Amino acid sequence: MAEPNQHGGNVLEMALKLGIDESTLTDFSANINPLGMPARLREALVEQLALAERYPDPLYRRLHQRLARHHDCPESWILAGNGATELIFDLACLLRHKTVLLLTPGFAEYRRALQWMECLIEDYPLGEQDDFRPDHRLLTALRPGIHCLFLCTPNNPTGQLIEPALLQAIAKRCHELDILLVIDEAFMDFIPDDPGMIPELGRWPHIFVLRSLTKFYAIPGLRLGYLVSSNTPALQQLRSRRPPWTINAFAALAGERVLDDREYQQRTRQWLREEQSYLLGGLGSLPEIKTWRPAANYIFLRCLRQGFDLQTALLNSRLLIRSCGNYPGLTADYYRLAVRGHEDNRRLLDAMKVLFHG
Ligand SMILES: Cc1ncc(COP(=O)(O)O)c(C=O)c1O
């Protein structure tokens with residue numbers, strides 16, 4: 001099975017490796033909203049510390065009701081989990097020994113979960129020549145014998161959205177061929193006015209949409225994600241086999257409280273609009289750096305200077321970016337960096353200007 005420790009955000013590991021204090025590193029390697037968790041949530045958590053003294057509702061009824069209301073769908077269509085990651089592993093349980101198509105590069109936990117269930121994994125490579133975006137050729141790669149396709153939109157690490165018309169065509173083809181379609185929308189909340197695939201689920205019971213609240217609401221340490229599907233028998237199967245109480249009471253409270261925080265949502269979108277454009281503009285002016293226009297809160301780039309280790313070079317300035325060399329389908333010259341607050345973004349650009357302009 002693949003290594004568990006292959007994500008961004010592992011500041012402690014890098015600090016231990018360098019023999020420095022982790023608090024001195026600025027983390028551009030995990031794509032977390034730099035505004036921090038909503039103030040209203042912070043207050044609610046502090047006020048309700050006593051929740052730790054009781055078991056949470058094993059059915060998480062209030063949380064599921066709140067998520068269902070948010071997406072205007074029946075409660076039976078929702079299954080919340082300890083981050084989207086837990087749900088990826090739950091979904092893999094439906095796929096034991098099956099053949100699954102994965103797009104590369106993509107989020108590492110799909111592969112780990114599928115390997116754990118001894119699935120046969122087929123890779124569908126996305127390349128720089130297509131700007132790492134799938135096109136109609138993916139439709140022909142979907143053939144009888146494939147049981148499931150995992151898609152991620154916007155994709156991690158490339159930040160590219162799948163064209164809506166192509167997504168519809170993929171959904172249709174998967175339906176015709178009885179292929180289960182998992183669509184990971186972990187970063188969809190960062191994209192204003194894009195409802196993603198959830199509104200379509202009524203007519204597509206073969207689709208499972210994954211959502212995460214950890215990135216947009218800055219709660220990766222609390223952990224909360226959910227799965228949405230109109231395939232209620234499959235969700236019931238998943239529900240019945242999972243251990244109880246995997247979502248802690250504070251994460252459940254977060255899910256009940258954050259979804260109607262319009263002020264936080266607007267501030268997040270405004271920050272992202274401004275800082276994404278600032279960072280992208282700055283990176284675009286650097287020689288030997290190629291970027292891809294991001295849909296969400298992270299930027300995928302390639303360093304064109306032969307053999308140059310950009311991650312190590314930036315660590316001299318105590319800036320940690322994600323090296324993408326361990327993604328199947330990528331090489332060590334690809335990197336991903338999170339959009340952070342203005343001061344951090346400015347420091348990053350300044351450090352990169354020194355590296356590339358001298
Ligand atoms: C594409 C994608 N899906 C799912 C996840 C898992 O999110 P969570 O923190 O909710 O487990 C991540 C985390 O980085 C991700 O990048």
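As a starting point, this report considers the structure included with it. (Residues numbered from 1 in each chain as written. Predicted model: local features only at pLDDT ≥ 70, side-chain atom pairs only at ≥ 80, totals over all residues. Heavy atoms only, no water.)

Sheet strands associate in pairs through backbone hydrogen bonding, adopting either a parallel or an antiparallel arrangement. With mixed pairing, 7 strands are arranged side by side in an open sheet as β2-β8-β7-β6-β5-β3-β4. Two strands bound the open sheet, and with one partner strand each, they are β2 (78-81) and β4 (120-125). Adjacent strand axes in the sheet meet at a mean angle of 20 degrees, parallel and antiparallel pairs treated alike. Both strand β3 (residues 99-104) and strand β5 (residues 148-152) contribute to a ladder of 3 bridges, which runs parallel. Bridging from a neighbouring strand, Leu 102 pairs with Phe 150 of β5. Its contacts with the sheet put helix α5 (residues 108-116) on β3, β4, β5 and β6 (180-184), and the angle it makes with β3 is roughly 160 degrees. (Pairing = 2+ DSSP bridges. Helix = DSSP H or I, 4+ residues; strand = E, 2+ residues; numbered from the N terminus. Axes fitted to C-alpha atoms, helices over the stretch in contact; angles between N-to-C directions. Contact = heavy atoms within 4.5 Å.)

The element strand β10 (residues 298-303) is extensively covered by neighbouring structure, given that 5 of its 6 residues are classed as buried. Relative to β10, strand β9 (residues 289-292) runs antiparallel, the two being bridged by 4 bridges. Its bridge partner lying in β10, Trp 292 is registered against Phe 300. Counting the residues in the hairpin turn of β9 and β10 gives 5 residues. (Buried < 20%, exposed > 50% of the residue type's maximum accessible area, 1.4 Å probe, protein only.)

The biggest cluster of nonpolar side chains holds 91 residues, and the ones touching the most others in it are Leu 149, Ile 170 and Leu 283. The residue makeup of this core includes at least three contributed by each of domain 1 (11-30 + 262-357) and domain 2 (39-257). Excluding residues within four positions of it along the chain, Leu 283 makes contact with Ile 289, Thr 291, Ile 299, Leu 301, Leu 337, Leu 349 and Met 352. Listed in part, the 29 residues of the second largest apolar core include Met 117, Cys 152, Leu 227 and Leu 235. (Core = buried A, V, L, I, M, F, W, Y, C linked by side-chain atoms within 4.5 Å. Domains from an automatic or database assignment.)

By nearness alone, 13 residues border the ligand, and Thr 85, Asn 156, Asp 184, Lys 215 and Arg 223 come closest of all. At a separation of 2.7 Å, an oxygen atom of the ligand approaches a polar backbone atom of Ala 84. A distance of 2.6 Å separates an oxygen atom of the ligand from a polar atom in the side chain of Thr 85. Isolated, the ligand exposes 400 Å² of accessible area, and the fraction of that covered by the protein chains is 91%. At 3 residues, helix α4 (residues 83-93) tops the list of elements feeding residues into the shell around the ligand. Here the shell around the ligand is built from residues that sort into 5 nonpolar, 5 polar and 3 charged. (Near = heavy atom within 4 Å. Polar contact = N/O pair within 3.5 Å; in protein donor to acceptor, adjacent residues only side chain to side chain. Areas by Shrake-Rupley, 256 points an atom, 1.4 Å probe, with all protein chains shown as cover. Nonpolar A, V, L, I, M, F, W, Y, C, P; charged D, E, K, R; others polar.)

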